[in-house]
Structures are given as structure tokens and as C-alpha cells.
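Structural overview
Spelled out from the first residue to the last, the chains are:
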Amino acid sequence: MRKDGRLEIKLGIENRSKERVSLGMQVTVELFGIPRARAGVAWTVANGSTLGDVFLDLAKRFPDLGEACLQGRFLKDGYTANLRGEQFVTDPAIHLNEGDSILLLSLDAGG
Amino acid sequence: MKGTQSCSCRWTRAAKFKGPRAEKNSLMHPIFGYHGRYLRVDLSTGLSTEILLETQLLREYLGGSGLGVALMLKEGAAALNPLAPEAVLAFVFSPLVGSPLTTSAKFAVVSKSPLTERLNDSLASSGFALAGKKTGYDAIVLVGRAEKLSILLIDEHRVRLESAEDLVGFSNRKTQENLLRRFGPEFQTATIGPAGERLVPYATISHDGRHAGRGGSGAVLGSKNIKAIAVRGTRRVAWASPPALMSLAKKLSKKSFGPATAKYRELGTASNLLMFNRLNVLPTRNFQQGSFENAAAISPEELNVTRDRTRSSCAACTIGCEHLYSLKSGDGSVRLEYENLFALGPLCGIDNAEIVLEATRRCDDAGIDTISAGGTIGFAMECAERGLLDAPWLRFGDGNALLRSLDSIVSGKEIGPLLAMGSRRMAMEIGQDSIRFAPQVKGLELPGYDPRGLQMMALGFAVSTRGADHNRSGAYEVDFSEAVDRRNVGPESAHLAVETEDKAALMDSLILCKFLRGIFADLFEESAEILSLVTGWEVTAKELRATAQRIVTAKKRFNILAGWTPSEDTLPLRMLQNALPEDSESHLSAERLASLIKAYNLARGWSEEGWLPLGQAASLPVG
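Residues numbered from 1 in each chain as written. Chains lettered and ligands numbered in written order. Predicted model: local features only at pLDDT ≥ 70, side-chain atom pairs only at ≥ 80, totals over all residues.

With that out of the way, let us pick up the sheet that holds strand β15 (residues 322–326) of chain B. Backbone-to-backbone hydrogen bonds join strands into a sheet, with any given pair of strands oriented parallel or antiparallel. All names here are of chain B. The strand order across the open sheet formed by three strands is β14-β15-β16, and the pairing between neighbours is antiparallel. The sheet terminates laterally at β14 (309–312) and β16 (333–335), the two strands that pair on one side only. If you compare each strand with its neighbour and ignore which way they point, the axes differ by 30° on average. (Pairing = 2+ DSSP bridges. Helix = DSSP H or I, 4+ residues; strand = E, 2+ residues; numbered from the N terminus. Axes fitted to C-alpha atoms, helices over the stretch in contact; angles between N-to-C directions.)

Have a look at this one:
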């Protein structure tokens, strides 16, 4: 919480240790909707060479996010992911490239 | 009008309706889930007629939108001027209304649209559906025109008119407060605001702060000189298998608390905003862009920490998707949905949350569709900035200009009469090829999904019988999946748009809220179980698939009778000529859209252009 009472969600940059950052390939994960609310950050950097690896890393660091949206290397029903703002992906075996961005979001639109 | 008339009576003021009750349908078989009749009120003559509904018709069209379109075809409404006295307006309930099933307290308002001149079916929720069905009718059909502005009271079998001349110009809020004092809480009311009285073709019908919003049903009610309908009753229907239905309802309610609805429950639909913005599909400044630089300022994530928020839900709903945000003026709170946020925000270039909330409140009070209002004003802003419209004060991003425009629509002053036409008619008035960027399909303004980056939704918009619409076609669900490349959708995927449209037709006819859709593993299979427990019919998923297709075809039939031609199934030229500036991959050519439409029509079993085969047309209800 900031002095003015706002949560840090707007900036949402998570402080990560050098040790953690040095592990494996890094991708940016942008969070929307429930995933953002559970993680408490708008985006973070995660480790993993596959989508499933990234999910495991996220669940370890953001237990509430993991419990609500992830099941091991998979997404729970009601959630989906998008690679680079282009392609929707859910297969945990999908290989990622250094610097990729993954969007994690609630599935349904509408309203 | 064909149908089996059981009894009729002409009202005198407060006269009691007398006549036999039809506890069984005309074949004398008990009907579970239905009353088996509807009430037809001629507001010109005062004649109220109770008309029996055949079991076969109910089974083939269910209720809500489906039964509504069947009644419109039977009434021959397609050929009528939607604002003429003889025009038909139906409030339609469903077999699930009054059941313990979550989100089932819904009703459909069906008519020919004064905005599109095509079929319009808009849905709303809550107590009006419950009380309306308890009057003892599966639908209330209005024809004719009252002599002066009136309230139609349906107190079970008693039908009467009361003067509403003291309510002229009243907002929906004030009207509903007045009627609550006048008639008491047992009556549930559906009202129009001043926009409906002025016959604005995108006026809404409001109940308890919610709206049957799109396509101008409020203008149709206004054209009948009806300010409000008040309903009350005690007649309940029986269910075929009450214990099993209760058990299933409990399971459904439990599932409705799960992850598939968490977004709606915790954040509301407005949480789409930032995600759509990130994907460059957030329509901005009259669809000139797909992202809004200040989206964060009006996002619910921001509003949640700067304003008080309360939650609400419709009657008989366990989701509770409604999120109301306080106005800083201290003047209450406003229900915020993604569609009004996008239409009165980015679409008009507005990044001031207080303005968006105030504009939303003015739309709700006046009874105008926020999507069509924002779409039309955004279009006018672009026309003004291009010098096509002499309104130098009307600029993107100017909150006061937005509020002034909304007020003018309601008052009929200044630019109001032009804005009140909706974007299509306004473009025809302005000329100078402005129609190419008027944000509409069949006259209905586009909701908040840029079709260039969501091309399955583009197909849904183009072919929808209601015009550009996200509720009758949920094709965006396919775009937000691995099934297609949303920026390069091919005709081989057109059947997926058919599937989402059929699902919507089923849910809108049962009726269940679409926010439940994520909890069904197989909507048709599980709906068949629900309907079987309610009605006692041995319904299968296969039958419901056929039912959904029949309902969509009936809507198309209505439109054909109303003058539809294949050239209507398209998108604004801008969207077929210009890629989104933020994303050159988001480009949809006219040729590709045409191939999608052709594939869609063939998947429906229609001609390539979308005409119905003789056999399909012949099997539909006729007047």
C-alpha cells in the first residue's frame, strides 16, 4: 500500500532478486482481470522455456494466483493465455523465446 | 392473427377481467413450466385477449427471444412500421422463469426495431420477469396506441390503464420511484424515460436500473403512449420433476461460484477494458484506433481504489456481476459495464472517469442505449472534426461536449434531432460519404470489439439479425481461443460462428444469463436435462440444437419479410479498407468478409447469399 492508500497494482513491478532472475530464460507476464487481482501486480518477469514452466514459476511466487488460475503446468478452466498479444495459447509444452511476453487473462469477454 | 382465443374482454378503467382460465393447453395436456397462453392487449380498443399457446409452438421456440420471434411472425409484425399503432411489442417470459435455477429471472422484449427496421430482441432481468410470469401468461403482447400517456397495469387477470400524464418527462429512476409509491412493492414495473417518450430509436425499456437496451424497444413502447407497465400476480407454474430440479439448481448455483464466473463476480465486465486495450481491439475515437492511451485512467482497476464500489445482482442470481461506482459529486452511484465504459469513454476519446459515470447515469435516466449513444456521438465528433458537421464544440476528448450531446438527444434541441437518428440515418443526412465510417451494421451501432482484430466477431456482427451485436453472436469467444488466428480468420472456421450464435439463441430463449455459459461442459446436453426436468418433455441435446437453429432461422425469416437483402450483411467500409493503425496485421478485406459470410450461410443450410430454402421458410410460423 502507498501512503495515499492505493495498492501498487498500477505500477505493479515486482522486485526480484538477482539470484532468481539469473535462472533460465526470462519472459514478461502481463496480468489482467482476476490473475492481476490475485497476483497484486500488473506484470512481472518469469522464468521458463515453456508455457508450463512459466506457470509453475508464477504459482510458486504468487500462491494466490496459482490457486485461482493455475493447476501445475496448466491453466484452470476460465483462464487463457496469449503470446505476444497475438496468439492465444494454453498448451504447456509451447516453447517460448527470450523476451517473449505472455498475457494471462480471464477467458470470457462480453457485457 | 391466428391462434386459439380462449377469452377476451374490453377494459373499462379498472374493470375486472372475467373469463375461463386455461389451466391446460388446447389439447388438454398439462403443461409444466408454462401457463400455455399469452395476453394480447389492444391499447387502442381496450380489448384484452387471452390466446392459447400450442405445446408444439412452445417446444419449438421455448420462450424469450425464440417465442418472441414466433409471435412476431404470427402477428405479421415484419411488414409494419415499428412505431405505427398497429406495431407489435411483446414481453416474453420463459419456462425457467420462477424456477430455482440461478439467473433464470429474465425476460425478452421483442419487436421490429425502429433503429434497424429489422427484428429486435433485447433482454433484461430481475423482478419484472418473476412478477410478469405470475400474472398467468407466458407473454404479454401489446398492439395499438393509448389515447394519452398511460400506465398499463396487469394485475393477474385484471388489465387496466391509468393516466401517466403526471409522469411526462420523468426519468426512469423518478418514474420507478413514483410507481413504487403509487402501487406498492408487489408490482414490478418496466418504464421508459424521456427518450422513449420522444421516440428516440435507440431508447430503452428499464426495470430496476437494468435495461432492455438495444434496438429501441423503448421508442416502440413510447409510440404506444405507454410510460410504464406494472405487473403483479400469484399464478405459479408447476414443474415436472421438482425434487430433481431443486437438486440440479443447487449444483448449478454451486458451480456459479466457481472460477468461470469469478471475473464477473469480483471485477465486473468493465475489467475487459485493459485487456482489450492491450490486444488493440478497444474501439477508440470512432474506430479510428484500437487502443486508448489513457485507458488505465478509467479502468475498474483505477476506479476500485479511487471510488466507493458496491455490488448488486438480479433477482434469483448467484453471480452478482453488477458493480456500482460512486459519483464524486455525491449524487449516488452508477452501474458500470464494459459496454457503457467503452462507448462513453474511449469511443469518444474521454479519459475522465467522472464524465463517463455521469454520462452513463444520464443515459440510464433518459433511457437510451449507451452503445448507440456513444457510437453516434463518436461518429458526430469525427464528422465535426472533419468539417462535415457544423459543430465546432464537438470534439473527441471533450467531456462537456459528450454530456451536452446526450442532453440534446433527450431534449430534442441543438444537435439533438440529428444525433437521435442514430449513426446510419445521420450519415445519410450528412452525406459526403460519411456512411463509410458510421459505426453500424443494419443501423445498430457496434459494441466494443474492433472487428479487424477479432474477425470471427466481424462475421458475427455482419450476419446478426439484430445488427452489430455481441449478445446474439458470441463469436468473440472463438477469437479469444486457439481455434482461430483472430486476425486472419478463414471461411473454414465459419461454422464456429454458427455454433456461438446457436448457443446464444438457446440461452436467450430458455432464458439463462450468458454469464453462466462458462460453467457448462456441454450447453445443449445440460440444457436438455434442465428443460426436461421443468417441462417433462424428453428433450435431447440434438433437439435443442435444432431448436436453436430454428430460432435463428425464424429471425432471418422475419428480416426477409421486413425487406432484408444480402447487401446488409457487411461492415462499415472503413473496417474493410483500413487496417488498425496500431497493428497492420489487423486487416479485414471485403473479399475475406464475403468469403466468411458465404461459408456461414452455407453452414446454416441457406443459400450462399443468405436466402432461406423454401422448405425452411415453410416450416416457420405464419400470420
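Across the contact, 28 residues belong to chain B and 27 residues belong to chain A. Its residues assigned to classes, the side of chain B that touches chain A shows twelve nonpolar, seven polar and nine charged. (Contact = placed C-beta atoms within 7 Å. Nonpolar A, V, L, I, M, F, W, Y, C, P; charged D, E, K, R; others polar.)

Quick look at the domain arrangement of chain B now. Residues and elements named next belong to chain B. Under the domain assignment, chain B is made up of domain 1 (4–232), domain 2 (268–445) and domain 3 (474–618). Using C-alpha coordinates to define each centre, domain 1 is positioned 29 Å away from domain 2. Facing the 31 residues of domain 1 at the interface are 24 residues of domain 2. For the side of domain 1 that touches domain 2, the elements supplying multiple residues, two or more each, are α3 (127–134), α4 (172–183) and α5 (194–197). The biggest single contributor to the side of domain 1 that touches domain 2 is α5, with three residues. When its residues are assigned to classes, the side of domain 1 that touches domain 2 shows ten nonpolar, 17 polar and four charged. (Domains from an automatic or database assignment.)

We now examine helix α24 (residues 590–603) of chain B. For α24(B), which comprises 14 residues, the first-to-last C-alpha distance of 20 Å matches the rise-based estimate of 20 Å (1.5 Å per residue) to within 8%. All of the buried residues in α24(B) are B:Leu593, B:Leu596, B:Ile597, B:Ala599, B:Tyr600 and B:Asn601. (Expected span 1.5 Å × (residues − 1). Buried ≥ 20, exposed ≤ 12 C-beta atoms within 10 Å, placed from the backbone.)

The next point concerns the nonpolar core. Residue and element names in this part refer to chain B. Membership of the largest hydrophobic core comes to 237 residues, with the highest contact counts inside it found for Met72, Ala139 and Leu459. Ranked by residue count, the leading element in this core is helix α20 (residues 494–510), at nine residues. In contact with leucine 459, other than residues within four places in its own chain, are Ala475, Ala494, Ala497, Leu596, Ile597 and Tyr600. (Core = buried A, V, L, I, M, F, W, Y, C linked by C-beta atoms within 7 Å.)

All names here are of chain B. Across the six residues of strand β3 (residues 47–52), five count as buried, placing the element largely inside the fold. Note: strand β2 (residues 37–42) against β3, six bridges, orientation antiparallel. Counterpart to aspartate 42 in the pairing with β3 is leucine 47. Hairpin connection, β2 to β3: the antiparallel pair is bridged by four residues, and glycine 46 has positive phi, about 80°.

All right, on to the environment of B:Leu89 then. Residue and element names in this part refer to chain B. Tracing the backbone through its elements, the reader meets leucine 89 in strand β4 (residues 89–92). Distance from leucine 89 to methionine 275, taken between C-alpha atoms, is 38 Å for residues 186 residues apart in sequence. Beyond its immediate sequence surroundings of up to four residues, leucine 89 is in contact with Ser111, Leu142, Ser217, Val220, Leu221 and Lys224.

Residue and element names in this part refer to chain B. In contact at an axis separation of 8 Å, helix α7 (residues 242–255) and helix α21 (residues 523–535) are set at 145° when each is read in the N-to-C sense. Helix-helix and strand crossings are classified by hand; for α7 and α21 the assignment is left-handed. Between α7, through Ala244, Leu245 and Leu248, and α21, the contact on the second element is made entirely by Glu529, Ile530, Leu533 and Val534. (Left-handed = near helix turned anticlockwise from the far one by under 90°.)

Looking now at unusual backbone geometry. Residue and element names in this part refer to chain B. Here the residue pair leucine 510 and isoleucine 511 is connected by a cis peptide bond, since its omega of -10° sits within 30 degrees of zero. If you check the backbone angles, threonine 103 has positive phi at about 70° while not being a glycine. On the basis of neighbour count, threonine 103 is assigned to the buried category, with 26 C-beta atoms found within 10 Å. A positive phi is found at phenylalanine 287, a non-glycine position, where the angle reads about 65°.

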